[in-house]
Every structure is written in structure tokens, then in C-alpha cells.
Amino acid sequence: MSFRIVSVDGRYWQSFRDQRLEMLADSPKAFVETLDSATAQTDSQWQQRAEGTNSTVSCGFAAVDDTDAWLGIMRARIEDGRVFLLGVYVSPAARGGGVADALLREIEQWVYRQGHRTLTLEVHEANGRAQAFYRRMGFATTGETVPYPLAPDELEIVMAKQVVCAG
């Protein structure tokens, strides 16, 4: 599978929106936003979201094929001195094709350039596929859990990985 990695910005707002709606429909428990709330947003709001993806405290990358179709997306944000991996998604047809690995490498390079050495994430307790990917990529559970914001009786498992080099 041939693809390239692009930095998400305002030029890609429609693809950003379409990917987000796809991911919320495909994996509703994997994200802290509902499909209903996302579909209610205006074009202007989507443009702002795409434009705000990359800043001094956040980054976002998409895997794009030769037809400019988005195959996956991954973001990270610095919060309270920690870097969190967010919005990880690969379209079903592209799964297993190296997209997630390539996106994570881009995220890790950004984390390293920002001077951080640990990447943290929260993954829904029932999302075994994502947990297996994260373990394969070097993440380990921290022993922490947090309530899943959309259903506080469910949990998210906290995982972390040391980022040791910029590539």
C-alpha cells in the first residue's frame, strides 16, 4: 500500500471532517466525542478544528494515498507537562498496511523535537485491537485507569511509552 504522511492543517478541513465522522461511526467507544455532536458542527467549526491541529502544544498527521484519500489520522497534545496520543484511527481497508506504524513514528518525532521523552494514551478497556497495537509499538500499561468520559461507569486504561530517539 502506497501512502504519504501529511501534516493536518486548514487546507484539509474537509478530509479532516470526513475522517473524523468515519472514525466516530466505525469506533464510537474509541473517542471522546459522539457522532451526533460531530455531525452538528458547521463547516466553519471544522475549518477551525483542522487549522488548530498543529501548534506549539499539538500536532496531527494523516496518511494519504495516491488519490488523496485519507487512510488514517493520529494526533498528540501536550497537557499539564505530559504528551498524550489522541484521535488514533486507520480506515478499515487500510488496517494492517503500516499506516498506524508510520503515523506513530511521525508523532514520536514530534514528541522528541518538543523535548519530551514519554508518550501517554488512554484506551477504552474494551478496545483490545488498539491495546494490542499499542503493546506491539512499545506501550505498557501504567496501572492507572480513568473513567471513560462518555460513560463514566466504563474505564480507559492508561498506557505510556518512552520515546528514545527522533525516528
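Structure: see above.
Calculation notes
Residues numbered from 1 in each chain as written. Predicted model: local features only at pLDDT ≥ 70, side-chain atom pairs only at ≥ 80, totals over all residues. Heavy atoms only, no water. Helix = DSSP H or I, 4+ residues; strand = E, 2+ residues; numbered from the N terminus. Rg over C-alpha atoms; globule rule 2.2 N^0.38 Å. Contact = heavy atoms within 4.5 Å. Areas by Shrake-Rupley, 256 points an atom, 1.4 Å probe, with all protein chains shown as cover. Lys, Arg positive; Asp, Glu negative; His and termini not counted. Charge placed at Lys NZ, Arg CZ, Asp CG, Glu CD. Pairing = 2+ DSSP bridges. Expected span 1.5 Å × (residues − 1). Buried < 20%, exposed > 50% of the residue type's maximum accessible area, 1.4 Å probe, protein only. Arc of directions from axis to C-beta. Axes fitted to C-alpha atoms, helices over the stretch in contact; angles between N-to-C directions.

So, on to the overall build of the chain. Regarding its fold elements, the chain presents five helices and seven strands. A globule of 167 residues ought to have a C-alpha radius of gyration of about 15 Å, and the chain, at 15 Å, matches this closely. Residue pairs in contact within the chain that sit at least 24 positions apart in sequence constitute 62% of those at least 6 positions apart. Summing over all exposed atoms, the chain offers an accessible surface of approximately 8400 Å²; the carbon and sulfur share of this is 49%. Measuring between centres, the 17 positive side-chain charges of the chain sit 5 Å from its 22 negative side-chain charges.

Our focus in this paragraph is the environment of C59. Mapping C59 onto the fold places it in strand β2 (residues 58-64). Spatially, the C-alpha atom of C59 lies 23 Å from that of Y148, the residues being 89 residues apart in sequence. The residues touching C59, leaving out its near neighbours within four places in the chain, are T53, N54, M74, R75, A76, I107 and W110.

What follows covers the pairing of strand β7 (residues 151-162). Remember that side chains alternate between the two faces of the sheet whenever the strand is regular. In the sheet, strand β5 (residues 118-124) pairs with β7 via seven bridges, with the strands oriented antiparallel. By the bridge assignment, H124 is partnered in β7 with E156. Counted between consecutive antiparallel strands, the loop separating strand β6 (residues 140-148) from β7 contains two residues.

The next thing to look at is helix α1 (residues 13-26). Counted at 1.5 Å a residue, the expected span for α1 with its 14 residues is 20 Å, and the 20 Å between its end C-alpha atoms agrees. Buried within α1 we find W13, F16, R17, Q19, R20, M23 and L24. On an axial view of α1, the arc spanned by its buried residues comes to 165°, and they lie on one face. Buried-residue contacts for α1 involve α2 (35-39), α3 (43-51), β3 (70-79) and β4 (82-90).

Okay, the side chain of T53 next. Here T53 lies in the loop between α3 and β2. On the accessibility criterion, T53 (7% relative accessible area) is buried. T53 has contacts with V8, F16, S58, C59, G60 and R75, leaving out every residue within four places of it along the chain.

Moving on to the sheet that holds β3. Reading across the sheet, the seven strands line up as β1-β2-β3-β4-β5-β7-β6 and stay open at both edges, with mixed pairing between neighbours. At either end of the open sheet lies a strand with only one pairing partner, and these are β1 (4-7) and β6. Pairs of neighbouring strands in the sheet enclose a mean axial angle of 25°, with direction left out of account. As paired elements, β6 and β7 share six bridges and run antiparallel to each other. Pairing of P147 across the sheet is with L155, part of β7. On top of the sheet, α1 reaches β3 and β4; it is set at about 90° to β3, its chief contact. Each of β1, β2, β3, β4, β5 and β7 touches helix α4 (residues 99-113); the most contacted strand, β3, lies at about 25° to it.

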